[in-house]
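In case you want the letters, here they are:
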Amino acid sequence: MIHGWPLSGRSWESQVAALVDAGYRVITYDRRGFGQSSQPWTGYDYDTFAADLEALLTHLDLREVTLVGFSMGGGEVVRHIATYGSERVAKAVLAAAVPPYLYQSDDNPDGGLDDATIAGFEDGVRGDRLAFLKQFTTDFFSAGGELLVSEDQRAYAQEIAAFAAPKGTLDCIAAFGRTDFRADVAKISIPTLVIHGDADAIVPFEVSGKRSAETIRGSELVVIKGGPHAINVTHAQEFNSALLAFLAVDKA
């Protein structure tokens, strides 16, 4: 299970028990620069992230894996499969994920992030990172201007993000904001679940989940009504039900 920016593997707390209780082995890990991982100065790009994931799968000799990527973690899922194939990977889940291409460019005019928005994120992290994270985590859990979790839950997410590497937090903005995953998504041929909230203001459904589901042949699409970006927390029961149902298909 691959977390989103700028959190850590702890963001999967609402999923781990449900999956383990259903009989699955669950592995969460912290992306380089986040959580308890090391905080190198470089390497915050998707080729490196995919290589890190491949190193983990190889080291643990994991097979028949379902890769679950939330937000920027979805980029790792599709880049890994496109680069390393699906020998070890049986299924994929793109949850509120950034693919296929968030950046608003000449050949992607319907993208969700323009240069001004990306610069605003970067300036916020450079200027007053903690204040930026307070607002970002508020948006993370909100739909229609309403915070859908307790203030304690929001503050917890902010605390997790606060201890991430400042350099990694900054560099990942360009990584998830400007990386073109369209060719990667087109290579996905394994069973895939795309799950997204229709009120996601951070990674809009129309420019991300909807397009990925249309590109990946045979994919399953679950849209959570009123769901903000952090649907795995705000709508945990719906999210877990969809995930468990997807995992159960063709289960031996």
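Located above this text is the structure these notes cover.
Quick caveat: nothing in here was measured; it's all calculated off a predicted structure. (Residues numbered from 1 in each chain as written. Predicted model: local features only at pLDDT ≥ 70, side-chain atom pairs only at ≥ 80, totals over all residues. Heavy atoms only, no water.)

In terms of nonpolar packing, the biggest core is built from 74 residues, with Trp-5, Phe-176 and Ile-195 touching the most fellow members. Look past the residues within four positions of Trp-5 in its chain and what remains in contact with it is Arg-31, Phe-34, Met-72, Phe-121, Val-125, Phe-132, Phe-136, Phe-140, Thr-169, Cys-172, Ile-173 and Phe-176. (Core = buried A, V, L, I, M, F, W, Y, C linked by side-chain atoms within 4.5 Å. Buried < 20%, exposed > 50% of the residue type's maximum accessible area, 1.4 Å probe, protein only. Contact = heavy atoms within 4.5 Å.)

The first and last C-alpha atoms of helix H3 (residues 72-84) sit 19 Å apart over 13 residues, in line with the 18 Å expected at 1.5 Å per residue. For H3, a buried count of 11 out of 13 residues is recorded, marking the element as mostly surrounded by other parts of the structure. Inspection of H3 places Met-72, Gly-73, Gly-74, Gly-75, Glu-76, Val-77, Val-78, Arg-79, His-80, Ile-81 and Ala-82 among the buried residues, and these make up the whole buried set. Where H3 is buried, its residues contact helix H2 (46-59), strand S1 (65-70), strand S2 (89-95), helix H7 (166-178) and helix H8 (182-186). Positive phi shows up at Gly-85, right after H3, with a value of about 80°. (Helix = DSSP H or I, 4+ residues; strand = E, 2+ residues; numbered from the N terminus. Expected span 1.5 Å × (residues − 1).)

It is worth spelling out the pattern of salt bridges at this point. Two side chains of opposite charge can pair, provided their charged atoms sit close to one another. Applying the stated criterion across every chain, the model contains 14 salt bridges. For Arg-126, the salt bridge is made with Asp-123, and the minimal N-O distance between the two is 3.6 Å. You can see Arg-126 and its partner Asp-123 sitting in helix H4 (residues 115-127), three residues apart, about one turn around the helix. Under the relative-accessibility criterion, Asp-123 is labelled partly exposed at 49%. One connected set of salt bridges, linked through shared partners, spans Asp-61, Arg-63, Glu-87 and Arg-88. (Salt bridge = Lys/Arg side-chain N within 4 Å of Asp/Glu carboxyl O.)

Turning our eyes to something else, we now look at the packing of helix H5 (residues 129-140) against helix H6 (residues 151-162). Interhelical geometry of H5 versus H6 gives an angle of 140° and a closest axis separation of 9 Å. The orientation of H5 with respect to H6, classified from their angle, is oblique. By crossing handedness, the relation of H5 to H6 is classed as right-handed. Touching Arg-129, Leu-130, Leu-133, Lys-134, Thr-137 and Thr-138 of H5 are Arg-154, Ala-157, Gln-158, Ala-161 and Ala-162, all from H6. Looking at side-chain class alone, the contact of H5 with H6 contains five nonpolar, three polar and three charged residues. (Axes fitted to C-alpha atoms, helices over the stretch in contact; angles between N-to-C directions. Parallel < 35°, antiparallel > 145°, perpendicular 65-115°, else oblique. Left-handed = near helix turned anticlockwise from the far one by under 90°. Nonpolar A, V, L, I, M, F, W, Y, C, P; charged D, E, K, R; others polar.)

Let us now look at the side chain of Thr-179. Position of Thr-179 among the secondary structure elements: in the loop between H7 and H8. Take Thr-179: its relative accessible area is 16%, and that puts it in the buried class. Within polar-contact distance, the side chain of Thr-179 engages the backbone oxygen of Ala-175 at 2.5 Å. Contacts of Thr-179, omitting those with residues within four sequence positions, involve Tyr-46, Arg-79, Pro-100, Tyr-101 and Ala-174. (Polar contact = N/O pair within 3.5 Å; in protein donor to acceptor, adjacent residues only side chain to side chain.)

Another aspect to go through is the side chain of His-3. Along the chain, His-3 falls in the segment before helix H1 (13-21). Separated by 3.4 Å, the side chain of His-3 and the backbone oxygen of Leu-7 make a polar contact. In this structure, His-3 is in contact with Ser-8, Gly-9, Ser-11, Trp-12, Tyr-29, Asp-30, Arg-31, Phe-34, Phe-70, Met-72 and Gly-73, ignoring residues within four places of it in sequence.

This brings us to the environment of Asp-30. By the element assignment, Asp-30 lies in the loop between H1 and H2. For the pair Asp-30 and Arg-10, spaced 20 residues apart in the sequence, the C-alpha separation amounts to 8.5 Å. With sequence-adjacent residues up to four places away left out, Asp-30 is seen in contact with His-3, Ser-8, Gly-9, Gly-35, Gln-36 and Ser-37. At 2.6 Å, the side chain of Asp-30 forms a polar contact with the backbone nitrogen of Gln-36.

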